[in-house]
Amino acid sequence: MTESGSTQTTVQEIIAALKDKPGALLPILHGVQDALGYIPEGSVPDIATALSLSRAEVHGVISFYHYFRDTPPGKQTIHLCRAESCQAMGGRQLEEHVKAKLGIDFHETTADGKFSLEPVYCLGNCACSPAMQIGKEIYGRVTADSFDATIANTEASA
Amino acid sequence: MSITVYVPCDSSAISLGAGRVAKAIGQEAAKRGIEINLVRNGSRGMYWLEPLVEVATAKGRVAYGPVQPGDVSGLFDAGFTDGGAHALGLGLTEEIDYFKKQQRLTFARIGKTDPASLTDYIENDGYSGLKNALAMSQEQIVQAVTDSGLRGRGGAAFPTGIKWKTVLNTASLQKYIICNADEGDSGTFSDRMVMEGDPFVLIEGMTIAGLAVDATQGYIYLRVEYPHALEVLNAAIASAYKEGYLGDNIQGSGLTFNLEVRLGAGAYVCGEETSLMESLEGKRGLVRFKPPLPAISGLFGQPTVVNNVISLASVPVILDKGGDYYRDFGMGRSRGTLPVQLAGNIKRPGLVELGFGLTLRELLYDFGGGSASGRPIKAVQVGGPLGAYLPESQFDTPLDYEAFAANWTVLGHGGIVVFDDTVNMAKMARYSMEFCKIESCGKCTPCRIGSTRGVEVMDDIINGRNLDKNIPLLRDLCDTLLNGSLCALGGMTPYPVLSALNHFPEDFGVNA
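On a predicted model such as this, the values are computed, not experimentally measured, just so you know.

1. Observations regarding empty space enclosed by the protein
Overall, the coordinates contain four cavities of 30 Å³ or more when judged by the stated rule. What the largest cavity holds in volume is close to 70 Å³. In terms of lining, the largest cavity is formed by 13 residues, of which the most central are Val287, Cys441, Cys444, Cys447 and Cys487 of chain B. When grouped by side-chain class, the residues that make up the lining of the largest cavity number eight nonpolar, four polar and one charged. Each pocket or cavity is described by its volume, and for the second largest cavity that value is around 50 Å³. Considering the residues around the second largest cavity, the lining is formed by Leu123, Gln133, Lys136 and Ile138 of chain A together with Ser11, Arg192, Glu196, Glu225, Tyr226, Pro227 and His228 of chain B.

Okay, structure coming up:
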């Protein structure tokens, strides 16, 4: 099967499993992003048809929510907290370090495809600021050094 | 007697290495041939001591912390499994001053029990509230909640009992209970601690709410940033169904309540209740006009109770011990307890649950121990990103909704973020506008356009351009946001901005 064919099958399976839930669109979009890492533009017509929505409505929802993305992410996505509590503990300086270390800005992916960097506004880890999340792992009291070490570990285990 | 060791599974504790510590303890015990029962509890909320390891002894639970994997072998050498002395030893957990001085009602079990165990929950007073509720009429349940004086802990402080009564009295074939678990405010984590550390208390609270108002379907709208909470909640919901605490015949009563977790997708504005319902319906999270109130026409146009996690998690203790018991804590019209969260630049960050009435100063210094950096505290932001900044001169404000409102400040969800004297308040004001710009749903003009203009004006002010013109312009813009916005996002962004300007004019280049 071609890659786009298998993607479409995955999307169809997710739609079939979830479309009868009340308010099914967000669960379906989460399902697709969990499976594929992003929501391919090509999946929008199928989702729209299944839910009797217009493509514009589905696109509108995808683009409204910061978490949903329509391009493939890097191997790992780093969510770095920018909110007040983290700022109170040096978050702004950490942000500069992270961007310089990875050579990218927020919403970008490194050229080697290893890391995407996304801002997040609170991880609920405010008692251990500054905080970040890589995949589902959460890190607290992050420093420039501990960030570098975590990245090196993540790369080694990837 | 078997040895029970506790290592938290709370995600903040994990962020400091609790998972690795648990693994190291398991391995070291196996290596030494010591049989231990390793329980992953919630956090006690003393985050400067996390990962906090506890051992059950005849005298009570003994604590060690903060423990790193490298400390584990030494702890075994010191006989920590019998409560032996060690440099990281903290004595009996519940005798630690920070913990001992609290009044834990909503957080009574958190840190003590195994959040994954329904048995543990029931053995520690769990489901006593539901048991009482099942023997009461709907009006009696609503009356108990009204009598307790409980007000919405999400921040708006609306009386919970009145909301429930409206839904109860609105006839409909289908009603809903929504738990707002979109805890997006920086400096807050009490909802997360409940969901990760005692998920059944939330499930019980929602079930009681459902019985009280005739709602058979509940949704927990959880933010996607809380993956650990999602796992814990889903596992707990599955256990509750299995044991007849959810479903079509709750504990043989013939009554129905179904519950499902739905994930948000990183939009702060979806913490606003009407935007949240749009999102649950599968739409963009655009704020709705009110009226109609959600209690009359909410999710899918049906009568809906929307309550915060802490509000719902406070219901079981109210139904267990009575509205009067809960109401006897607190001051003025702020009844019961508030789980305060100390965050940011503070020496002893964590969760402090106490009856309303303590002053900010007592929290910051007696509990919090002053700033983490050791420098003077310059400002604290209370109530999240839409809350005002308070200078030292306001630190004697008691924690009470009305006392805060009288200061033009906001108690909100009880999050306190501390800044030392290195902070530049003009930059924080700019950030508030930037945050509003990023998170605005776009429906109303003051918020959508005002926040963008606000960032521009703040850039001019920070660069010292035309202050004579730009400071009044900033105030004018804030006036428009305050009075013209559809919801609290635009309507309250002026709180941090104007409080920063009014209390710290020197940071804006203005003479005080």
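2. Let's talk about the packing of aromatic side chains
In this structure the tally under the stated criterion is 20 aromatic pairs over all chains. Summarising the aromatic geometry, the rings of Trp48 of chain B and Tyr98 of chain B are spaced 4.6 Å apart at their centres and angled 70 degrees between planes, so their arrangement reads as edge-to-face. Of the two residues, Trp48 of chain B sits in the loop between β2 (36–39) and β3 (53–57) while Tyr98 of chain B sits in helix α4 (residues 97–100), which places them 50 residues apart along the sequence. According to the relative accessible area criterion, Trp48 of chain B is partly exposed, its value standing at 21%. Residue classification places Tyr98 of chain B among the buried residues on the basis of a relative accessible area of 4%. Ring centres 5.0 Å apart and planes at 80 degrees place the aromatic pair Phe76 of chain B and Phe80 of chain B in the edge-to-face group. Accessibility assignment for this pair places Phe76 of chain B and Phe80 of chain B in one class, buried. Each residue in the set Phe64, Tyr65, Tyr67 and Phe68 of chain A is aromatic and connected to the rest through ring pairs, giving one cluster.

3. Section: the domain arrangement of chain A
Looking at the assigned domains, one finds that chain A contains domain 1 (3–64) and domain 2 (76–157). The gap between the C-alpha centroids of domain 1 of chain A and domain 2 of chain A is 29 Å.

4. Observations concerning the confidence of the model for chain B
Looking at chain B as a whole, the pLDDT averages 97, with 100% of positions reaching at least 70. For this predicted complex, the interface score ipTM comes out at 0.97, while the overall pTM is 0.98.

5. Details of the interface of chain A and chain B
Contact with chain A, which involves 37 residues of that partner, is made by 61 residues of chain B. Taken together, both faces of the contact between chain A and chain B bury some 3700 Å²; the carbon and sulfur share is 59%. On the chain A side of the contact with chain B, Phe64, Glu84 and Tyr121 of chain A bury the most area, a combined 18% of that side's loss. Put simply, chain A and chain B have two salt bridges between them. Here Glu260 of chain B ties to Lys21 of chain A by a salt bridge, and the two come within 2.6 Å at their closest N and O atoms. Where chain A meets chain B, there are 23 residue pairs in polar contact (both at pLDDT 80 or more). Where the side of chain A that touches chain B is concerned, the elements lending two or more residues are α2 (25–36), α4 (55–64), α5 (84–88) and β5 (137–139) of chain A.

Calculation rules
- Every chain is numbered on its own, with residues counted from 1 as its sequence reads.
- Chains carry letters and ligands carry numbers; both start at the beginning, A for chains and 1 for ligands, and go up in the order they are written.
- At least 70 in pLDDT is required for a residue's local features to be given in this predicted model, at least 80 for side-chain atom pairs to be given and counted, and no such filter applies to totals for whole chains, interfaces and linings, which use all residues.
- Side-chain numbers come from the whole structure's heavy atoms, not from hydrogens or water.
- Cavities and pockets were defined on a 1 Å grid built over protein atoms only: a cavity is a set of grid points that admits a 1.4 Å probe from which the probe cannot escape, a pocket is an open set flanked by protein on both sides within 12 Å along at least five of seven lines, and lining residues are those with an atom within 4 Å of any such point.
- Grid points are joined across faces, edges and corners, and a volume is the space filled by probe spheres set on the points.
- Amino acids are sorted into nonpolar (Ala, Val, Leu, Ile, Met, Phe, Trp, Tyr, Cys and Pro), charged (Asp, Glu, Lys and Arg) and polar (every other residue, Gly among them).
- Note on ring pairs: Phe, Tyr and Trp rings are taken, using the six-membered ring of Trp, and paired if centres are within 6.5 Å. Classes follow the plane angle, with under 30 degrees stacked, over 60 edge-to-face and the rest tilted.
- Each helix is a run of DSSP H or I of at least 4 residues and each strand a run of E of at least 2, with the numbering of both proceeding from the N terminus.
- Between buried and exposed lies partly exposed: a residue is buried under 20% and exposed over 50% of the maximum accessible area for its type, with that area taken using a 1.4 Å probe on protein chains only.
- Throughout the structure description, domain borders are defined by an automatic or database domain assignment.
- pLDDT is a residue-level measure of predictor confidence that goes from 0 to 100.
- Here a residue-residue contact requires only that any non-hydrogen atoms of the pair lie within 4.5 Å.
- By convention, the term buried area covers the 1.4 Å-probe accessible surface removed from two parts as they join, with the contributions of both added.
- Salt bridge, as applied in this entry: a Lys or Arg side-chain nitrogen positioned within 4 Å of an Asp or Glu carboxyl oxygen.
- Think of a polar contact as two N or O atoms within 3.5 Å of one another; within protein, one of them needs to be a possible hydrogen donor and the other a possible acceptor, and neighboring residues in sequence only count if both atoms come from side chains.

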